[in-house]
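Below, each chain spelled out in residue letters.
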Amino acid sequence: MTWKDWYDSLAKPSWTPEPATIGLIWQILYPIILLTFTFVFVQAVRKKVPWKVALPFAINLVANLVFTAIQFGLRNLPLAALDILIVWATIIWMMVAVWKHYRWVAAAQLPYFVWVSIATVLQLSITWWNLDR
């Protein structure tokens, strides 16, 4: 079964966005993520911010990147739910950690936080409704 057939077979809330919509949202968010994360990592390398400021960005990046492999490769809904909770929590941590150094970076995470908040509720719902799978 393809990943799409598998995903389509899952019980999902009626408000679940279409895959094309999800893709469009990420096309908007990824440039913001690329710019702000790169900026923070460069500032850490240049010792303009401590590495502890960059740490939540690094954890978030890894968790974000492995989500697709967990969800659609492994098809492991509980692990995907845990992963997206890590993504969501690290966005808050990132915003708090970077706020006193670069407020624009923290503010730039707001669209990412809003989307991941929606995606987290969606993932937790899908996981709950498909516990038997």
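Because the structure is a prediction, the values reported are computed rather than measured.

A. Structural detail: the nonpolar core. Judged by nonpolar contacts, the single largest core of 27 residues is most densely connected at Trp26, Val40, Phe57, Ile91, Val98, Tyr112 and Val116. Of all elements in the fold, only helix H2 (19-45), helix H3 (51-74), helix H4 (77-99), helix H5 (103-108) and helix H6 (110-129) reach the threshold of two or more residues within this core. Residues in contact with Val116, not counting those within four places in the same chain, are Trp26, Ile84, Val87, Trp88 and Ile91. The next biggest cluster of nonpolar side chains, apart from the first, holds six residues, and it includes Tyr7, Leu10, Leu77 and Leu122.

B. Layout of the environment of Ala97. Position of Ala97 among the secondary structure elements: in helix H4. The spacing of Ala97 and Leu122 is 25 residues in sequence and 27 Å in space, taken between C-alpha atoms. Ignoring anything within four residues of it in the chain, the contact list for Ala97 reads Val53 and Pro56.

C. View of a nonpolar patch on the surface. On the surface, a nonpolar cluster with roughly 610 Å² of combined accessible area is contributed by Leu55, Ile59, Leu74, Leu79, Leu82, Ile86 and Trp93. Mapped onto the nonpolar patch, the elements with two or more residues apiece are H3 and H4. Note on placement: Leu74 falls in helix H3.

D. Looking closely at the packing of aromatic side chains. Tallying each qualifying case throughout the model produces 10 aromatic pairs. Where Phe37 meets Phe41, the ring centres are 6.5 Å apart and the plane angle is 85°; that geometry is what we call edge-to-face. With Phe37 and Phe41 both in helix H2, this residue pair falls four residues apart, about one helical turn. Judged by its relative accessible area of 4%, Phe37 is buried. Residue class for Phe41 comes out partly exposed when judged on its relative accessible area of 23%.

Conventions and cut-offs
- Residues numbered from 1 in each chain as written.
- Predicted model: local features only at pLDDT ≥ 70, side-chain atom pairs only at ≥ 80, totals over all residues.
- Heavy atoms only, no water.
- Core = buried A, V, L, I, M, F, W, Y, C linked by side-chain atoms within 4.5 Å.
- Buried < 20%, exposed > 50% of the residue type's maximum accessible area, 1.4 Å probe, protein only.
- Helix = DSSP H or I, 4+ residues; strand = E, 2+ residues; numbered from the N terminus.
- Contact = heavy atoms within 4.5 Å.
- Patch = residues over 30% accessible without salt bridge, like charges linked within 9 Å, V, L, I, M, F, W, Y side chains within 5 Å.
- Areas by Shrake-Rupley, 256 points an atom, 1.4 Å probe, with all protein chains shown as cover.
- Salt bridge = Lys/Arg side-chain N within 4 Å of Asp/Glu carboxyl O.
- Phe/Tyr/Trp six-rings, centres within 6.5 Å; stacked < 30°, edge-to-face > 60°.

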